[in-house]
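Residues per chain, in single letters:
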Amino acid sequence: MQHIFDIRTTGPGLYEFTAQVQSWVSGTGLLTLFVQHTSASLLIQENADPEVQTDLRNYFARLVPPTTDPSMAYLTHTYEGPDDMPAHIKAALLPTQLSIPVMNGQLSLGTWQGIYLFEHRDNPHLRRVVAYLG
């Protein structure tokens, strides 16, 4: 069983799409999610306190600042703006695919876990996440 989730983003941050995935899954098997972009990531993260998402976004912004930051002057891939290469670096550090067991039509996530697309670019994007349940 396959599906594509389209996720609209408005800038850097975590976008939860657990409910969309849960409404699609059925049966029992292993769900694989894969983001088709080189400047976004996928995470399973806490969904109870929004400060977690804020702190993660702020941490990665400090870890890999835009190319306008003097500490990033060594980067050469700057054609698409100061957030482009840092977005690729963040995507290289974080997962771009997830595996989640599905049991009796339910995602086997923990109590406080949600599925997120982590957008690393400044501008709005339409991100595609391919799902396979087997």
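An account of the accompanying structure is given in this report. (Residues numbered from 1 in each chain as written. Predicted model: local features only at pLDDT ≥ 70, side-chain atom pairs only at ≥ 80, totals over all residues. Heavy atoms only, no water.)

Quick look at the sheet that holds strand 2 (residues 13–16) now. Within the open sheet, the three strands sit side by side as 2-7-4. Their pairing is antiparallel. Both edges of this open sheet fall to strand 2 and strand 4 (40–46), since each of them pairs with a single strand only. Between one strand axis and the next, the sheet turns through 35 degrees on average, direction left out of account. With seven bridges connecting them, strand 4 and strand 7 (residues 113–119) associate as antiparallel partners. Within strand 7, the residue paired with Leu42 across the bridge is Leu117. (Pairing = 2+ DSSP bridges. Helix = DSSP H or I, 4+ residues; strand = E, 2+ residues; numbered from the N terminus. Axes fitted to C-alpha atoms, helices over the stretch in contact; angles between N-to-C directions.)

Tallied over the entire structure, the rule returns four aromatic pairs. For the pair Phe5 and Trp24, a centre-to-centre distance of 6.1 Å together with 90 degrees between the ring planes defines the contact as edge-to-face. With Phe5 in strand 1 (residues 2–9) and Trp24 in helix 1 (residues 18–24), the pair connects residues that are 19 residues apart, well separated along the chain. This pair shows no difference in class: Phe5 is buried, exactly as Trp24 is. Ring centres 5.8 Å apart and planes at 85 degrees place the aromatic pair Phe60 and Phe118 in the edge-to-face group. With Phe60 in helix 2 (residues 50–63) and Phe118 in strand 7, this residue pair connects regions lying 58 residues apart in the sequence. Note on Phe118: relative accessible area 2%, which makes it buried. The rings of Phe5, Phe17 and Trp24 are connected pair by pair, giving a single aromatic cluster. (Phe/Tyr/Trp six-rings, centres within 6.5 Å; stacked < 30°, edge-to-face > 60°. Buried < 20%, exposed > 50% of the residue type's maximum accessible area, 1.4 Å probe, protein only.)

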